[in-house]
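The primary structure of each chain is shown beneath.
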Amino acid sequence: MSELSNEIRTTLISANDALSLHASGRPGKLEIRITKPLNTARDLSLAYSPGVAEPCLHIHRDPALAYDYTTRGNMVAVISNGTAVLGLGNLGALASKPVMEGKVALFKRFADVDGIDLEIATEDVDEFVNCVRFLAPGFGGINLEDIKAPECFIIEQRLRELMDIPVFHDDQHGTAIVAAAGMLNACYLTDRELRDAKLVVNGAGAAGIACVELLKAMGMRAENIILCDSKGVIYQGRTEGMNQWKAAHAAATRARTLAEALEGADIFFGLSVKGALTKEMVRSMAPRPIIFAMANPDPEITPEEAREASPDAIIATGRSDYPNQVNNVLGFPYIFRGALDVRARTINEAMKIAAAEALAKLAREDVPDEVHIAAAGRRLTFGPEYIIPNAFDPRLISRIPPAVAKAAMDSGVARRPLTDLRRYARSLSGRLDPTANALDAIMEAVRANPRRVVFAEGEEEKVVRAAAAFRNAGYGTPVLIGREDRVRATMASLGLGEVEGIEIHNARLSGSNRKYADYLYERLQRKGYLFRDCQRMVNQDRNVFAACMVATGAVDAMVTGLTRSTSVCLTDIGHAIDPAPGCISFGLTLLLSAQVGTIFIADTLIHERPTPEQLVDITIGSVAAARSLGHEPRVALVSHATFGNPMHPTGQNIRDAVRLLDKRNVDFEYDGDMSPDVALDPGLRALYPFCRLSGPANILIMPGLHSAHISSRLAPRLGVVTTVGPLLLGLSHPVQLVSLDASVNQIVDIAALAAYQSLNSPLQAESCPR
């Protein structure tokens, strides 16, 4: 489970942050969603008694029909007994449940695979196996997790023999597959042949032994591999601390220590403990050594130390703050996706090798812009610091599963072969909403380039908590506007104490007041304001003070809105900050739905009744923002009418905006006027064969602020979507607003988005229509 333990470490999450997330709202991280209507008596009769009898009878006659009539074909059981939870040891079955829920969430997030977590309260191998073996009818696959060695080897082997669905222990094979992919590319870059390379693996647990077995299956010669554990080299004839899995890989060698084994070695795989590899050991390796120091949370040797010993070394770790992260999330979601889609009986060596080779191949290709965003704008190209794909690469879903599916078919374990793998790959691309990847990439970009963000309402408890979380997440330095004694009292009441890395500025006592008043007076002196008016605003209005900080470069971005209405905040901000030259400022709200993906709605903040010209500019700005988040835009300019029916004067601005867009020769799909149901429903849209949209609209341009505000605020209250925003776009400096009822997490997310805008990001620069 390196992908979770490492994430906790790298983001510096506090215990309270983690506990608060798990306890907030509905406890835990999962829920069941009904996929069929159950609103009428007829619906119930079809979904349950008596209608449900029909699929039961069909499945009884042909068990394969369970894949057609039930969730089995997209359902994985994530199972643990909690004997090796993260790096925490044997916590027991119940305490492993948060991790197993997280694993289920990752399956869904990265590969649209549904899952259920099952925690089995036994450490007896026979009892565990007997419990799991009878679960096969309900699932398409079994993911074993956090089970200690050597029991994990026995359990997986026996279950694979007993069950006719994939059984996969990710702690073993996930790490092995991703590490093998990186090693293939490292060998390529150093002109090494896999069969001739000499490998030393330190750590003979589940992952270490799985790495050795996979690399042997890929062509590495057994005589070129030395496996070590805490007692030294595992050599032929050794008896101390041995078991059958270690003995299978015992080497014929005179080396007895890790240091001796590494002399002249080409490759080091570390799956052990911090500090196990020294600079002296690295110097003893072959030229241009390949070092995979994968211990978590701290590697066997840091990249800095390894390069001091060997400047041309190629290095990978399990950490996201270094290049070449060996992250299991690159493997297990996509491997199961491919296995489920061909109804594989097992996940065999051929499928694991196919996944590793597909990952290696993907890293050698040109990297899409979304991934560069995650790397904070650093251009990623195949080379020593980019041998493993980034976890946010949107191509993973369409590259790894087809390779796994093909290997399953070629090796004879697929029960439903796919006839067109290219079509299958295209269908996979549409399974995931790109917004999630883009938002994750944005957060990574901010972590790589921390910013100074001012929180105007710095005395509020939620804001203080958000500032601490912002700092802890590595996004930068939060600047709180408020009276220092009150802010510190709030910190103390929250148990935060003296929090380093958080600045507190009192607007009335600031040494920058005169500079900000002069700045404001220069802007407002011909708009009816005296100097004393500007001075009063700077001293007394925290929004104005914070906006002046942003405008004069004292901070990078600003967040406000928790205690004042949007209209008041916009007026305050407008005193100090204008729209960017050639830009129109507007609000863009993202509605995130599991059913239909992301829908962008504009303008949700500023223009009460936009003119046709303003609607065009809002449309073009929304398209640019959507593209920066990974979406190919399809715009519907919506109204109560559809293509002139009824031809009411209130829809004229929308119709005129469409005509203006026609003259602009824009490079995206758009049409209107149309009602939202026509924009989103293919069946209704088919009644209008002349409609220009090739699919459901994902950007809805509203005719006025009233309709935009009502729709974007109503939908989340009904529980059908979650929202991000409204995002304030088009200003000359990054400012974002939160709602009056914003949660701490929402404030942190909006602050991170504001910080991202200050990085000359596409979300800031490309939202200007002209």
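Residues numbered from 1 in each chain as written. Predicted model: local features only at pLDDT ≥ 70, side-chain atom pairs only at ≥ 80, totals over all residues. Heavy atoms only, no water.

Before going further, it helps to examine the pairing of strand β2 (residues 114-119). By the bridge criterion, six bridges tie strand β1 (residues 75-80) to β2 in an arrangement that is parallel. Looking at the pairing, Ser 80 lines up with Glu 119 of β2. Handedness of the β1-helix α6 (residues 97-111)-β2 crossover: right-handed. (Pairing = 2+ DSSP bridges. Helix = DSSP H or I, 4+ residues; strand = E, 2+ residues; numbered from the N terminus. Right-handed = clockwise from strand over helix to strand, strands pointing away.)

The full count for this structure, using the stated rule, is 47 salt bridges. Arg 319 is the partner of Asp 298 in a salt bridge, and the nearest nitrogen-oxygen pair spans 3.6 Å. Placement of Asp 298 in the loop between β9 (290-293) and α14 (303-309) and of Arg 319 in the loop between β10 (314-317) and α15 (332-341) is noted, with a sequence separation of 21 residues between them. For Arg 319, the salt bridge is made with Asp 321, and the minimal N-O distance between the two is 2.8 Å. Residue class for Asp 321 comes out partly exposed when judged on its relative accessible area of 44%. (Salt bridge = Lys/Arg side-chain N within 4 Å of Asp/Glu carboxyl O. Buried < 20%, exposed > 50% of the residue type's maximum accessible area, 1.4 Å probe, protein only.)

Moving on: the sheet that holds strand β14 (residues 557-560). Taken together, the five strands give an open sheet; going across it, the order is β13-β12-β11-β14-β21, and neighbouring strands pair in parallel fashion. In this open sheet, the two edge strands, each paired with only one partner strand, are β13 (503-505) and β21 (735-737). Neighbour-to-neighbour, the strand axes of this sheet turn through a mean angle of 25°, independent of strand direction. The pairing of strand β11 (residues 451-455) with strand β12 (residues 476-481) spans five bridges and is classified as parallel. Following the sheet pairing, Arg 452 is matched in β12 by Thr 477. Contacts from helix α22 (residues 484-493) reach β12 and β13, with the element oriented near 145° to β13. The sheet contacts of helix α25 (residues 542-551) involve β11, β12, β13 and β14, and relative to β14 the element is tilted by about 165°. (Axes fitted to C-alpha atoms, helices over the stretch in contact; angles between N-to-C directions. Contact = heavy atoms within 4.5 Å.)

A few words on the packing of α6 against α15. α15 packs onto α6 with a crossing angle of 70° between their chain directions and a minimal axis gap of 9 Å. Considered as vectors, α6 and α15 are oriented roughly perpendicular to each other. Note on packing geometry: the crossing formed by α6 with α15 is right-handed. On α15, the residues that touch Lys 103, Leu 106, Phe 107, Phe 110 and Ala 111 of α6 are Phe 332, Pro 333, Tyr 334, Phe 336 and Arg 337. (Parallel < 35°, antiparallel > 145°, perpendicular 65-115°, else oblique. Left-handed = near helix turned anticlockwise from the far one by under 90°.)

Another point: the pairing of strand β5 (residues 199-202). The side chains of a regular strand alternate, residue by residue, between the two faces of the sheet. Alternating residues of β5 divide into Leu 199 and Val 201 and Val 200 and Asn 202, and every residue in both groups is buried. Taken together, the four bridges between β5 and strand β6 (residues 225-229) define a ladder with parallel strand orientation. Among the inter-strand pairings, Leu 199 is bridged to a residue of β6, identified as Ile 225. Once the chain exits β5 it traverses helix α10 (residues 206-217) before rejoining the sheet at β6, and the crossover so formed is right-handed. Bridging between β5 and strand β8 (residues 267-270) involves four bridges; their strand directions are parallel.

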